Amino acid sequence: MALFFSRRAYHAKTQKFTNNPASVTRYVAISQTNPDGTIHKGAAIPQADWLERVKQAGGDSEVLIYVHGFNTSQTDMLRRLKKIEDGVRAQGFTGAVIAYDWPSDGTVLAYNTDRTDAKKTAPYLVCDGIVPLLNMTPRPKVHLIAHSMGALVVLRGFAGVGDSASAGARNWKVDEVTFCAADVNADWLERGAWGALVLDRRAARFTNYYSGQDKVLAFAGGLINGGRERAGHMGISEPITKGQWDIYCNEQYKRDVPDNEKTQVYSHRWWFDNDGFYKDLALTIDGADAQTMVTRRPTNEADLALLT
């Protein structure tokens, strides 16, 4: 069973989601998918029914929401959702694993369009996903893992939705927020900057996994974003807010990814195939002490290194 909520527009005649922003959020339950990630059997269902299925999948205790990035079709989102669910379940996570599907065009040529749509649809991650989950009884812990431009969706959503989003979830707050390969400005996350402030207010803890080997983010920071370093490439600009953690992943990538697979695209996506990353992610979601995790090593700087 794959569960996600989507802000992609739906074309009734073709019975397919498009890459355009929708005027409503749809809640989708997929009972079967083909090996290539395309939908075999599934449907949009009422929110109440969807929340009940989230509960049945383990969401009565914990929910992990995957927020995909730039250049991600719905099919690719489903493939990665399955990888994430398999990865954290192998490490003992028993909660529900779901996704927020925002309208990325699924093409490398649509960076600016995707960025516009990411910001436009970001509030619905909170209003139509996080808040209804927090209003469930019993109230689950809600965690997020955002990849690439998904980090922008999280930051904009968190910044754009106030405490009155729902009477039942006033002063709403999630548990663990994790970014990997985050395509957001590194200085947005330094202590006192707007991104760090909203994460401090809306999350119990924030963890940023980054890799200097990420060739996509090197290009995104060096050219597309005018030299503004990406948090997923160079880490958080110092100083770092207490309770927020920067995890250096260069050595994990260099050791685990074969040389013939160290391509530009895969350097940005390798996380989804790495058991060590999932082990660290599962420990993080479980609330383990950031400095004593068996998956991490000290560095000669303020951050920690993933090496397991």
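Structural notes, computed from the coordinates. (Residues numbered from 1 in each chain as written. Predicted model: local features only at pLDDT ≥ 70, side-chain atom pairs only at ≥ 80, totals over all residues. Heavy atoms only, no water.)

**A short note on the pattern of salt bridges**
By the definition in use, this model includes 14 salt bridges. Taking the shortest distance from any N to any O, the salt bridge between K82 and D86 comes out at 2.7 Å. Of the two residues, K82 and D86 are both situated in helix 2 (residues 74-89); the distance of 4 residues between them amounts to about one turn of the helix. The class for K82 is partly exposed, based on a relative accessible area of 47%. With a shortest N-O distance of 3.2 Å, K262 and D259 are connected by a salt bridge. One network of salt bridges, with partners in common, ties together D163, R201 and R202. (Salt bridge = Lys/Arg side-chain N within 4 Å of Asp/Glu carboxyl O. Helix = DSSP H or I, 4+ residues; strand = E, 2+ residues; numbered from the N terminus. Buried < 20%, exposed > 50% of the residue type's maximum accessible area, 1.4 Å probe, protein only.)

**Here's the deal with the side chain of H68**
Tracing the sequence through the fold places H68 in the loop between strand 4 (62-67) and helix 2. At a separation of 3.4 Å, a polar atom in the side chain of H68 contacts the side chain of D101. (Polar contact = N/O pair within 3.5 Å; in protein donor to acceptor, adjacent residues only side chain to side chain.)

**Things to note about the pairing of strand 8 (residues 203-210)**
Among the 8 residues that make up strand 8, 7 are buried, leaving the element largely enclosed by the rest of the structure. Direction of pairing for strand 7 (residues 174-180) relative to strand 8: parallel, over a ladder of 6 bridges. Paired with F179 across the two strands is N208, which belongs to strand 8. Handedness of the crossover is the feature at issue here: the chain leaves strand 7, passes through helix 5 (residues 194-202), returns alongside strand 8, and the resulting connection is right-handed. (Pairing = 2+ DSSP bridges. Right-handed = clockwise from strand over helix to strand, strands pointing away.)

**Side note on the environment of D101**
Tracing the backbone shows D101 in strand 5 (residues 96-101). Placed 96 residues apart in sequence, D101 and F5 show a C-alpha to C-alpha distance of 6.1 Å. Those residues in contact with D101 that sit more than four places away from it in its chain are F4, F5, S6, R7, R8, H68, Q74 and M77. (Contact = heavy atoms within 4.5 Å.)

**Let's talk about the state of the cysteines**
A covalent bond between the sulfur atoms of two cysteines is what we call a disulfide. Under the counting rule described, the total for this entry stands at 0 disulfides. The cysteine C180 is free of any disulfide, with C249 supplying the nearest cysteine sulfur at 8.8 Å. With relative accessibility at 0%, the residue C249 sits in the buried group. (Disulfide = S-S within 2.5 Å.)

**Some remarks on the packing of aromatic side chains**
Under the counting rule described, the total for this entry stands at 18 aromatic pairs. Judged by centre distance (5.4 Å) and plane angle (70°), the ring pair of W271 and F277 falls under edge-to-face. Among the residues examined, W271 registers a relative accessible area of 0% and is labelled buried. On the accessibility criterion, F277 (1% relative accessible area) is buried. Taken together, the ring pairs in this structure connect Y209, Y253, W270, W271, F277 and Y278 into an aromatic cluster. Its end group placed over the ring of W172, R202 keeps NZ or CZ at 4.3 Å from the ring centre. The side chain of K262 reaches across the aromatic face of Y253, ending 5.7 Å from its centre. (Phe/Tyr/Trp six-rings, centres within 6.5 Å; stacked < 30°, edge-to-face > 60°. Lys NZ or Arg CZ within 6 Å of the ring centre and 35° of its normal.)

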